[in-house]
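# Architecture at a glance
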Amino acid sequence: MDSTSYVHLVSPSFSDLFTPNVEMGKFPDGDSHVRIPALASCGQQDVVIFHRLYPSQNDGLIELLLMLDAIKHEGAKSITVVAPYLPYARQDKQTVGGEIASSHVICNLLASSGCTKLLTFDCHFLNEEGEVQYGDLLIKNISMSKDLIAHAHKVFAGQPFEVIGPDAGAAYLVKTAGGKNLNKVRKAYAEDKIAYRHIDTMEGDFDVKDKNIFLLDDMMSTGSTMIKAQEKMVEGGAKRVVCAATHGLFLYNCLDLLRKRSDIIFASDSILTAQGTVSIRAKLEDLFNNGNKLF
Ligand code: R5P
C-alpha cells in the first residue's frame, strides 16, 4: 500500500489483505473497545480506514462509528472508509408501513460521524459503478463483475458460456459481457420473525438449451435467488451452470442446495469464506498505488 499520501488505518477484519494497526476488543459486558495507536497522527491528514462490516455487522458498524468520530475530532482533513460489503444496503425501500429503510439511516450515520467517502463493492442499492451521493454520504461503488467473469473463463476452461443475472438488479453486472438477466418478483413478507420476502416468480425469455451458463449476482444471502435461477437454467436445458456473486454470505444450508445443480460456486473475498476466491486486493491496490486520488 502507498503510505505516503494517506494515513492508512487497518482494522483486524482486514488482516487477510493488509497488516492491522487498529486494535479491537470487547469490554466484559460486550461493549466494543477500539484503540487506534496512530490516532494522534491523523490530524490534518487524509485518512483511509479499511474495515470489514460483515459478519457481526452491528458490532462492525459501532466500531466504525467509534473510529470515525475519534478521527474527526482529531482534525483529519478527510476520512475515506473502505468497507467491501455494506450491510443494511438491501433495506433501501419501505415495503410495508412503518418499516425503516435502514440503508439511509446507516449511510447518514457514517456521514455525520465523519466519513467523507465510502468505498464499497457492488452496493445493493446502486446500479452502476462510480460515485454517487446517497443521502448525506458520498459513495464510490466499485464492481467486481469483470474479475468474477474472468474467473469464470478459467472455470469453464475455454468453453463458451453465457452470463446471466438472476434479476434486474444484476443487469449492470452482466452487461459488460453482453449478458442478459431474468426478472424476479418477491412476495410480501412471510409471517415470520425473520424478515424475508420469498421469491414469487422468476422469468426470462431466452434460450439456454445445451449452453454453459454463468449466473452472476451482487450477493448470495439465503441463496434463494440463485437456487431459483439455477432451477430455471436446468429446466431450460442448460449444459452446465456455475454461480458467483460479489458478496457470498451463504446463509443456512444454501451451499448444499446450490451444489445440487452447480459444481462450482464462488465469490469475492469482500466477505471471508472458503468460496471467496476472487480477491478485491488488486482493485484496492490500484486505487492506492496508481496515484488515483480518492477525492
Ligand atoms: C436482490 O434481491 C439481490 O441482488 C440478490 O439477488 C439478493 O439479495 C439475494 O438474496 P437471497 O440470496 O436471500 O435470495
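See above for the structure.
Just so it is clear, the model here is predicted, and its values are computed rather than measured.

Let us now look at the sheet that holds strand β14 (residues 240–248). Taken together, six strands build an open sheet; the order of strands is β10-β9-β13-β14-β15-β16 and the sheet is parallel. Each having just a single partner strand, β10 (180–181) and β16 (276–278) make up the two edges of the open sheet. Pairing of strand β15 (residues 265–268) with β16 involves two bridges; the strand directions are parallel. Within the sheet, the bridge partner assigned to Ser268 lies in β16 and is Val278. Together, β9 (162–165), β13 (212–220) and β14 form the strand contacts of helix α5 (residues 224–235), whose direction differs from that of β13 by roughly 165°.

As a further point, take the pattern of salt bridges. Under the criterion given, the structure shown has 14 salt bridges. We note a salt bridge from Glu23 to Arg35, for which the minimum N-O separation is 2.9 Å. Within this pair, whereas Glu23 is found in strand β2 (residues 23–26), its partner Arg35 is found in strand β3 (residues 32–35), the two being separated by 12 residues in sequence. Residue Lys93 pairs with Asp92 through a salt bridge whose shortest N-O separation is 3.7 Å.

Rules used in this analysis
- Residues numbered from 1 in each chain as written.
- Predicted model: local features only at pLDDT ≥ 70, side-chain atom pairs only at ≥ 80, totals over all residues.
- Heavy atoms only, no water.
- Pairing = 2+ DSSP bridges.
- Helix = DSSP H or I, 4+ residues; strand = E, 2+ residues; numbered from the N terminus.
- Contact = heavy atoms within 4.5 Å.
- Axes fitted to C-alpha atoms, helices over the stretch in contact; angles between N-to-C directions.
- Salt bridge = Lys/Arg side-chain N within 4 Å of Asp/Glu carboxyl O.

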